[in-house]
Amino acid sequence: MTTTAPDSAVREFCETCERATRHAVRIELRVESPDADNPGCSREPYRVSRCLVCETTDARRMSDA
Ligand SMILES: [Zn+2]
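Fair warning: this is a prediction, and the values are worked out from it, not measured in the lab.

**Student:** I keep staring at the overall build of the protein and nothing clicks. Help me out?
**Tutor:** Scanning the protein from N- to C-terminus turns up zero helices and four strands. When the helices and strands of the protein are listed from N to C terminus, the series reads β-β-β-β. When each of the 65 residues of the protein is scored for burial, the buried share is 3%. Of all intrachain contacts in the protein linking residues separated by at least 6 positions in sequence, the fraction that spans at least 24 positions is 34%.

Structure below.
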């Protein structure tokens, strides 16, 4: 198990670099539907990781476990 350290560099596999590189990872709250018909538009936490080598950003919804 690894401990989660927000906003710090972690080692992850980058598909663009095709190797494990350092990524800056952070959690972002994103609004799902900007012009929503439903007033209670949901904000979902996303895990955003950015490769520090090629700047590729990958965001995935944390609730999609
Ligand atoms: Zn990369």
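**Student:** Any chance you could explain the sheet that holds strand 1 (residues 9-14) here in plain terms?
**Tutor:** Think of a sheet as strands paired side by side through backbone hydrogen bonds, with each pair either parallel or antiparallel. With antiparallel pairing, four strands are arranged side by side in an open sheet as 1-2-3-4. Two strands lie at the open edges of the sheet, namely strand 1 and strand 4 (57-61), each paired on one side alone. Adjacent strand axes in the sheet meet at a mean angle of 40°, parallel and antiparallel pairs treated alike. Examined bridge by bridge, strand 3 (residues 43-51) and strand 4 share five bridges and lie antiparallel to one another. Paired with Val48 across the strands is Ala59, a residue of strand 4.

**Student:** Is there a simple way to explain the environment of Met62 in this structure?
**Tutor:** Its location among the elements puts Met62 in the segment after strand 4. Each C-alpha atom, one on Met62 and one on Glu44, is 7.7 Å from the other, the two residues being 18 residues apart in sequence. If near-sequence neighbours (up to four positions away) are discounted, Met62 is found in contact with Pro45, Tyr46 and Arg47.

Procedures and definitions
- Residues numbered from 1 in each chain as written.
- Predicted model: local features only at pLDDT ≥ 70, side-chain atom pairs only at ≥ 80, totals over all residues.
- Helix = DSSP H or I, 4+ residues; strand = E, 2+ residues; numbered from the N terminus.
- Buried ≥ 20, exposed ≤ 12 C-beta atoms within 10 Å, placed from the backbone.
- Contact = placed C-beta atoms within 7 Å.
- Pairing = 2+ DSSP bridges.
- Axes fitted to C-alpha atoms, helices over the stretch in contact; angles between N-to-C directions.

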